[in-house]
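What follows is the residue order along each chain.
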Amino acid sequence: MAKLGIYYEQDDEGKDTGRLQVADEEDDYVIETFDTEKEAEEYMAKLQAEYDRNDKIKAEYLQWEKECMARHNITEDELRHYLVNNVCV
């Protein structure tokens, strides 16, 4: 799960530029830069909602995967191989 934050952008000399950055706090990675706090907050809220949704989907999939492997007595590699190569959308 990513932890996002908003920071003031600084130039090469360490002076504030007046712009704001949305960044991943754990990886110290700037995702996007904005002119206003409102824009940064809206973007961060949207991005956090996407991350939260993706985390929920992943957790549900991994639970299903465990149940499917147990039910069919197959390994994780066998299941994933089957899903990648044999399931048509």
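Residues numbered from 1 in each chain as written. Predicted model: local features only at pLDDT ≥ 70, side-chain atom pairs only at ≥ 80, totals over all residues. Heavy atoms only, no water.

A. Structural view of unusual backbone geometry. Backbone geometry at Asp28 places phi at a positive 50°, although glycine is not the residue there. Tracing the chain through its elements places Asp28 in the loop between β2 (16-24) and β3 (29-34). Notably, Asn73 is not glycine yet its phi reads approximately 50°, a positive angle. Along the chain, the position of Asn73 falls in the loop between α1 (37-72) and α2 (76-86). A relative accessible area of 69% means that Asn73 is categorised as exposed. (Helix = DSSP H or I, 4+ residues; strand = E, 2+ residues; numbered from the N terminus. Buried < 20%, exposed > 50% of the residue type's maximum accessible area, 1.4 Å probe, protein only.)

B. Structural detail: α1. Taking 1.5 Å as the rise per residue, α1 with 36 residues should run 52 Å; its terminal C-alpha atoms sit 52 Å apart, in good agreement. Taken together, the buried positions of α1 are Ala40, Leu47, Glu65, Cys68 and Met69. Looking at the buried positions of α1, the neighbouring elements they touch are β1 (4-10), β2, β3 and α2. Asn73, located one to two residues past α1, shows a positive phi value of around 50°. (Expected span 1.5 Å × (residues − 1). Contact = heavy atoms within 4.5 Å.)

C. Molecular detail of the sheet that holds β2. The sheet built from three strands is open, its strands ordered β1-β2-β3 with antiparallel pairing. Of all strands in the sheet, those bounded by a partner on one side alone are β1 and β3. For this sheet the average axis-to-axis angle between neighbouring strands, irrespective of direction, equals 35°. Of the strand pairs in this sheet, β1 and β2 are connected by six bridges, and their pairing is antiparallel. Residue Tyr7 lies in a different strand from β2, and its bridge partner there is Gln21. Contacts between α1 and the sheet are confined to β1, β2 and β3, with β1 contributing the most and set at about 145° to the helix. (Pairing = 2+ DSSP bridges. Axes fitted to C-alpha atoms, helices over the stretch in contact; angles between N-to-C directions.)

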